[in-house]
Amino acid sequence: MEQQVTTRCPGEVVEVYRQARPREVVEVYTRPLPGRLAPAPAAQGLPVQKKRRKLGLAVFLILLVLAVLLALAARFWPWREEEEGDWQEALEELTEEVTIPTYPTGQGVSLPLEREPREAITAQEVYRQVNPSVVTVMVRLEEGKDYGRMSVGTGVIFTEDGYIITNYHVVEGGRECSVALDTGRTYQAFYVAGDQENDLAVLKVDETGLPAARFLDSDSLQVGDKVYAIGNPLGVELRGTLTDGIVSAINRDVDVDGRTMTLIQTNAALNSGNSGGPLINECGQVVGINVVKMMSQYESVEGLGFAIPTASMERIVRDLLTFGQVQPEPSLGLLVAQLGTRLDGELWGIQVMGVTEGSAAEQAGVLKGDYVVRSGGEEITSSRALLRVRSRYYLGDELPITLWRDGELLEVTLRLEQAATD
């Protein structure tokens, strides 16, 4: 399928929320008033030469103390230069591995997605309905002397028997995990599975009758739609914070830690700790999982938050729940138009712009210029609809497709043997 990649200006930095050691750091930068400079010493009648001598002596003493401290550090500091590389490598391995007690996969669970938006409700009703399904995720990261180091994020309950979706980077490096409901009740959480590339993870608590959020297929979103975010910005003290905004863009390609993610862009305020929390439409349905905030080294950036759309989460979560890892999607071997064309009466289809040599489509007899009108029993009116159908199939499956060619309908079957690279 076609893929559009956007290029960002140099200097932009997209940062994934990563909870540091739980402490507050406040830095103040005081800028001198323009045109207000201190008068020169000579202008104040001060003995300039004498002051310079005192200043030179002070600098010398400071340098001497620093030299002694550096010598002592080189002698006694446990992480000497020759060991630093090994220590950093060990730390990287520590922060990547998840050793939270696990819960088995293959339990027949999936992420339920509603296909149509419900009626719009007030912000107060959105909060009342969704906040009970939002949990604070607390992950203990290390053992031994650093046992108290923790990561704090947000998660969303999506089944009444305790399955929870969050970001992978919230649980990355975790040793133990617990979640707290809005009531303050806390449960031990088990790790089902996660995927670092897509930044999603599934947790499970051993409880039933929990308030599950309603999830909506994000393909129904449009730019300008009202959205809300609920999460725990900056840790547990501000948990359950509601912010609002609009959908600023959809299908936005964003570079996150060297990989491209296609995300929903919003101006709803997101901060560290919102990771894994829900992006909610005005009907109280979850349409995305908040994941990143764009920042810049050189400019103040506000109102640029991003969420993983539920449309792309559906298959990922199903794979994690069923197989414990994301399975490769099959390749169709088709290059198609983005939007559909009316062919005859109420019949619509998307035009085939090209067929990959040796692909499943070529072997099935699909030709350039054909129109795909149905796939997997579903009407196809856009390239997104075809991708959604493809996401339900795996390598080795057979996909039935209905084509429109020269005014006639043709039935073909694609044998899906190659993995997709788009």
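Reading the values: rules and limits
Residues numbered from 1 in each chain as written. Predicted model: local features only at pLDDT ≥ 70, side-chain atom pairs only at ≥ 80, totals over all residues. Heavy atoms only, no water. Helix = DSSP H or I, 4+ residues; strand = E, 2+ residues; numbered from the N terminus. Buried < 20%, exposed > 50% of the residue type's maximum accessible area, 1.4 Å probe, protein only. Contact = heavy atoms within 4.5 Å. Phe/Tyr/Trp six-rings, centres within 6.5 Å; stacked < 30°, edge-to-face > 60°. Pairing = 2+ DSSP bridges. Axes fitted to C-alpha atoms, helices over the stretch in contact; angles between N-to-C directions. Core = buried A, V, L, I, M, F, W, Y, C linked by side-chain atoms within 4.5 Å. Polar contact = N/O pair within 3.5 Å; in protein donor to acceptor, adjacent residues only side chain to side chain. Salt bridge = Lys/Arg side-chain N within 4 Å of Asp/Glu carboxyl O.

This brings us to the overall build of the chain. Of regular secondary structure, the chain possesses seven helices and 22 strands. Split into buried and exposed, the 422 residues of the chain put 40% on the buried side. Relative to all contacts within the chain whose residues are 6 or more apart in sequence, the contacts with residues 24 or more apart total 65%.

Let's shift gears to the packing of aromatic side chains. Under the definition given, this model contains four aromatic pairs. Ring geometry for F158 and Y163: centres 6.2 Å apart, planes at 40°, overall tilted. With a relative accessible area of 2%, Y163 lands in the buried category. Plain terms: the ring middles of F323 and Y394 are 5.9 Å apart, the flat faces sit at 65° to each other, and that makes the pair edge-to-face. Of this pair, F323 sits in helix α5 (residues 310–323) while Y394 sits in the loop between α7 (383–390) and β21 (398–405); the two residues are 71 residues apart in sequence, bridging distant segments of the chain. For F323, a relative accessible area of 44% corresponds to the partly exposed category.

This next bit is on the sheet that holds strand β7 (residues 186–195). Sheet architecture is closed into a barrel: six strands sit in the order β3-β4-β5-β8-β7-β6, paired in antiparallel fashion. Put simply, the sheet's adjacent strands are angled 40° from each other on average, direction ignored. Inspection of the sheet shows strand β3 (residues 134–140) paired to strand β4 (residues 150–157) by seven bridges, in the antiparallel sense. From the neighbouring strand, R140 faces β4, where its bridge partner is M150. Packing of α5 onto the sheet brings it into contact with β5 (163–166), β7 and β8 (200–205), and relative to β8 it is tilted by some 50°.

Of all the 10 residues making up β7, seven are buried; the element is thus mostly covered by neighbouring parts of the structure. What sits between strand β6 (residues 176–180) and β7 in their antiparallel hairpin is a turn of five residues, with G184 showing a positive phi close to 95°. Looking at chain direction, β7 and β8 are connected through six bridges and run antiparallel. Each bridged residue has a counterpart across the sheet, and for D195 the counterpart in β8 is L200. Linking two consecutive strands that pair antiparallel, namely β7 and β8, is a turn of four residues; a positive phi of about 55° is found at D199 within it.

Note on strand geometry: in a regular strand, side chains alternate between the two faces of the sheet. Where strand β10 (residues 226–231) lies against strand β11 (residues 241–256), six bridges are found, and the strand directions are antiparallel. What sits directly across from I230, in β11, is L242. Inspection of the sheet shows β11 paired to strand β12 (residues 259–266) by seven bridges, in the antiparallel sense. Its bridge partner lying in β12, R252 is registered against L263. From the end of β11 to the start of β12, which pair antiparallel, there are two residues, and D257 there has a positive phi angle of about 50°.

With that out of the way, let us pick up the nonpolar core. Among the nonpolar cores identified, the biggest contains 28 residues, and F158, I165, V202, F215 and M313 are the most heavily contacted of them. At the level of secondary structure, the elements contributing two or more residues to this core comprise β5, β7, β8, β11, β12, β14 (286–296), β15 (305–309) and α5. Ranked by residue count, the leading element in this core is α5, at five residues. Once you skip the residues sitting within four places of it in the chain, I165 turns out to touch G155, V156, F158, L200, A201, V202, F215, G276, I289, M313 and V317. Counting residues in each nonpolar core, the second largest holds 21 residues, with V137, V170, C177 and L203 among its members.

On to the environment of T99. Among the structural elements, T99 can be located in the loop between α2 (81–96) and β2 (113–114). Sequence separation of T99 and G174 is 75 residues, and the distance between their C-alpha atoms is 6.0 Å. Ignoring sequence-local partners within four residues, the contact set of T99 consists of G174 and R175. A polar atom in the side chain of T99 sits 3.4 Å from the side chain of R175.

Take the environment of A123 next. Positionally, A123 belongs in helix α3 (residues 123–130). Classification of A123 as partly exposed rests on a relative accessible area of 25%. The residues contacting A123, other than those within four sequence positions of it, are Y228 and L242.

Moving on, we get to unusual backbone geometry. Positive phi is not limited to glycine here, since D199 has a value of about 55°. Under the relative-accessibility criterion, D199 is labelled buried at 1%. Even without being glycine, D406 reaches a positive phi, approximately 55°. Following the sequence through the fold, D406 ends up in the loop between β21 and β22 (408–415).

Next up on the list: the pattern of salt bridges. In this structure the tally under the stated criterion is 17 salt bridges. Here E346 ties to R342 by a salt bridge, and the two come within 3.9 Å at their closest N and O atoms. Looking at E346, the relative accessible area reads 69%, which means it is exposed. Residue R405 pairs with D370 through a salt bridge whose shortest N-O separation is 2.8 Å.

Purely geometric stuff here, so don't read any function into it on its own.
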